[in-house]
Amino acid sequence: MAELPVLELPATLSHCSGRFTISTLLGAEEGSRGPYAAAEGASCDSAHPTHLSGSTLCTRTFGYNTVDVVPAYEHYANSKGVGDAGKGRPSLADLHSILKPDPGRLCAPVSDPQRSNGLPEAGPEEVAGEPGRAPAPEPVRFGWVKGVMIRCMLNIWGVILYLRLPWITAQAGIALTWLIILMSVTVTTITGLSISAISTNGKVKSGGTYFLISRSLGPELGGSIGLIFAFANAVAVAMHTVGFAETVRDLLQEHNSLIVDPTNDIRIIGVVTVTVLLGISLAGMEWEAKAQILFFLVILVSFINYLVGTVIPATAEKQAKGFFSYRADIFAQNFVPSWRGPEGSFFGLFSIFFPSATGILAGANISGDLKDPAVAIPKGTLMAIFWTTVSYLVLSATIGACVVRDASGSLNDSVAVGSPGCEGLACSFGWNFTACAQPHCRYGLSNYYQSMSMVSGFGPLITAGIFGATLSSALACLVSAPKVFQCLCRDQLYPLIGFFGKGYGRNNEPIRGYMLTYIIAVGFILIAELNAIAPIISNFFLCSYALINFSCFHASITNSPGWRPSFRYYSKWAALFGATVSVVIMFLLTWWAALIAFGIVIFLLGYVLYKKPDVNWGSSMQASSYNMALNYSVGLSEVDEHIKNYRPQCLVLTGPPNFRPALVDFVGTFTKNLSLMLCGNVLIGPRKQKMPESQLTADSHTKWLMKRKIKAFYTDVVAEDLRSGVQMLIQAAGLGKMRPNILALGYKRNWRTASPQSLEDYVGILHDAFDFKYGVCLLRMKEGLNVSRVMQAHVNPMFETAEHPEENGTAGGAPCRHRDPLAPAADPATLASEQQASTVFQSEQGKKTIDIYWLFDDGGLTLLIPYLLGRKKRWQKCKIRVFVGGQINRMDEERKAIVSLLSKFRLGFHEVHILPDINQKPRPEHIKRFDDLIAPFRLNDSFKDEATVNEMRQGCPWKISDEEVDKNRAKSLRQVRLNEILLDYSRDAALVAITLPIGRKGRCPSSLYMAWLETLSQDLRPPVILTRGNQENVLTFYCQ
């Protein structure tokens, strides 16, 4: 712990603990206020938040005063990024840097020891109130029973419970009906376990299913599912409402009381009903919950009414319809299947029943209105699945033990027990239903959908149960759709929907979303025919189940340390099984609807992938990307290198990448989708001053590269000088086999006017690259590379522009004067969004030429880079020409030899030129220009003694002695002559690639070497790349 020195406190402040101003810079003034200094007159009141709270508590806890604070909930709330500092927790600099006592700031707020380690009483959506304003009323929050279990049970129960389950029991028999129920429940239970795991892996906010999937799998899949899930819920409102309207219409028909006609009656009743439901929803979640409890009680009463009816002795009317109370032989006959009609198959009945097992997401969809979603969602969802499963099993078994499959409903069919000519089970009970079996009877389990109403003690209560089941499901969907859609709108993944994200009232109700859901529901109610859209809705819900299960599996399989659900009773393999089965069921239900659902999901997924929303939710997809990258990188270490798999992996000394866009574009062009590109930046200066700059700008530089569509990494180091920083990069950059093997940098145009030390450092960097067996690629452009002069003012206010910034070809080379040590290094938002500079490497090159001067055999790198460049779309129309040196009397032989070699390399270079006049003496005026170029750097030591010369050389190692001039005279004239040839042949080329000459370390002064490069590439209009491999093969013509 960072212990504070003891200070004698003023008497007036004796009740406060001593505090200190933290200074992160050594040169800060004694009296200056640090980042945590309070305003004048600030008191030690806990109502004023501070970064250094909890002093008194820490003093009592540890026995001495410390800046450190004890763990508290507030320190971890709302943290998203890895580097996010918790609210109230001191930073590492506060604990690690030098402390300066500040008499004006000796006390800090004291946190409440009773709450320092506890959770706050606020609900899931903490909103800080403004001072002086009355606190907002507490929103209505529900527990697991009222908020999740009852809501899910109501949404699971539906008309199938009343109208189809008895018929399914007659078709499949009790045994297979139980199998159908248990198979369906298996899928929903696995999904429930997955929901429980996801919802307990961190704090769940509003948004329900969309929130769970999007925060787990990311915005791509989450956004697409959120949109179709909200739409499916809106249409499901219409579907359930039409089910209710059809039941009312049938009652009116029985009493000859139709309003208009059967179809329009459905429309009238449906619109009126959904309008009433909208009113209940707009009244608030509290009223909606009360309505749901009412519906729940109605269904329970109807269910009890049915069970009571099964034990009441059957009347003659009920016996005529096939009800005989509990009989073992009826149970035995109905235990086995009796398939009838086109739907008489196991999977046919399974597809009919399965939608009645859905609805388990109703509680999760109002996650923002729950007191504790992490407790309520698992407990309520699983309990709802359990009790509804019990109800389905009990209903199937009881009605299968009481009612025969066929009955006529006629009292005249009663006969004496054992009468001849009577067939069927009912004969033993005194009824002959043989006559009605052809073509079919009107009553009995296999024929009469209202069997539950017939069996029950009071038939109208079953009708009330049907009303309660349909209306409660419609109300649940009417609430779910806007809640999910509101969260989706606020995330702004799709255009034109943000309007519906606004919330109203203490519960943040999405009133605009309610109205949109109402309009969609009314539109589908007016169609009054939902047979076509209903299968698509079921498939949308199954899509959600599949993705929830896949979310749980994917989060588990990635082994992310952030996947720590408090709900432990789940299995990643069970989740994968649930996801697979959900997809299979989609195609079993309706294959064409499954294809439509997948098509919509893929379309919405593609849109979000194309737009790339700026969100970071810590999804399992991010964890999976890391896992894949890690596994492949480690696996790559086991792969032996081979020339055929050689890739030019470049460490590019860009400095800030946006300062040298041409260099970035050049390397990015031939490394894109091919090999590693790493942009290196050396921050020169004291580490304490440069580290904040590094931390602030690193992400911004990466975003700039991404915006420019350059597939590269960015890294920086802090060093005392440029050369030592580049040495760090050369040695440490990369990972395993993903390490640079080429150093790419810009040409130093201002070498004649720059400081001698910077000249030495620049040439020394080239020597260092060769020492570490790197290849070197040096880019020179006539207009220069550094564009920082244009953008310096608004990109990086920390620096003043150097005198000639565009002259510097390497990272961080030109010295810069600091304006303010505390000024921000750069505005990251401005840096990432600045206008992109256009370069020649971004434009179409047309039918120009790429000229390669392969003067020395460097292993083939001089050929490989132009070849890779020529494969790109903007350069593919260019013709590549290869120039090599030769003797005038052997031109044909040498040309044939080079053509043969190039053909074996399969590079596609067919135009080869031999330069026989390469050894001719240059023109006198060009020789004189070279002599004038090196004149300022000469020692002129011909008439001086050796001791004097050695002393001069020690002080000025970049100077050129007369002896060195004479020894390197032939090589110097070669550069002059090559420049003449370049001007003759390649003046109008799109790009010129030349083998880089090498100056021997310790024998060739840096100024002489730079004079060679200057002379070789001067006056050329096209970009020039000077390339030298590490003298190891990068090309081969063997296949093994």
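This section reports on the structure supplied with the text.

Conventions we followed
- Residues numbered from 1 in each chain as written.
- Predicted model: local features only at pLDDT ≥ 70, side-chain atom pairs only at ≥ 80, totals over all residues.
- Heavy atoms only, no water.
- Buried < 20%, exposed > 50% of the residue type's maximum accessible area, 1.4 Å probe, protein only.
- Helix = DSSP H or I, 4+ residues; strand = E, 2+ residues; numbered from the N terminus.
- Contact = heavy atoms within 4.5 Å.
- Expected span 1.5 Å × (residues − 1).
- Arc of directions from axis to C-beta.
- Pairing = 2+ DSSP bridges.
- Axes fitted to C-alpha atoms, helices over the stretch in contact; angles between N-to-C directions.

Details of helix α6 (residues 208-217)
Counting buried residues along α6, nine of its 10 residues qualify, which places the element largely inside the surrounding structure. When α6 is considered as a whole, its buried residues turn out to be Gly208, Thr209, Tyr210, Phe211, Leu212, Ile213, Ser214, Ser216 and Leu217. Packing partners of the buried residues in α6 comprise α5 (165-199), α7 (219-254), α15 (459-491), α17 (534-557) and α20 (620-636). At the exit of α6 stands Gly218, carrying a positive phi of roughly 105°.

Description of α20
Between the first and last C-alpha of α20 there are 24 Å, a value that for 17 residues agrees with the 24 Å anticipated at 1.5 Å per step. Along α20, the residues classified as buried are Ser620, Ala623 and Ser624. Viewed along the axis of α20, the buried residues span an arc of 100°, placing them on a single side of the element. Those residues of α20 that are exposed and aimed more than 90 degrees away from the buried face are Tyr626 and Tyr632. Buried residues along α20 sit against α6 and α17.

Observations regarding the sheet that holds strand β8 (residues 849-853)
Pairing within the open sheet is mixed, and its 10 strands lie in the order β5-β4-β3-β6-β7-β12-β11-β8-β9-β10. Each of the sheet's edge strands pairs with one partner strand only, and the pair in question is β5 (713-719) and β10 (911-915). In this sheet, adjacent strand axes meet at a mean angle of 20° when their direction is disregarded. Helix α23 (residues 722-732) contacts β3 (650-653), β4 (677-684), β5 and β6 (742-746) of the sheet and is inclined by roughly 135° relative to β5. Here helix α32 (residues 969-985) sits on the sheet and contacts β8, β9 (879-885), β10 and β11 (991-995); the angle it forms with β8, its principal contact strand, is near 160°.

Side note on unusual backbone geometry
Positive phi outside glycine occurs at Lys709, with the angle close to 60°. Residue Lys709 is classed as exposed on the basis of its relative accessible area, which comes to 63%. Backbone geometry at Lys773 places phi at a positive 60°, although glycine is not the residue there. Relative to the elements of secondary structure, Lys773 occurs in the loop between α24 (756-771) and β7 (775-780).

Regarding the environment of Pro1022
You can see Pro1022 is positioned in the loop between α33 (1006-1017) and β12 (1024-1028). Owing to a relative accessible area of 5%, Pro1022 belongs among the buried residues under this scheme. Each C-alpha atom, one on Pro1022 and one on Val992, is 6.8 Å from the other, the two residues being 30 residues apart in sequence. Ignoring anything within four residues of it in the chain, the contact list for Pro1022 reads Ser986, Arg987, Ala989, Ala990, Leu991 and Val992.

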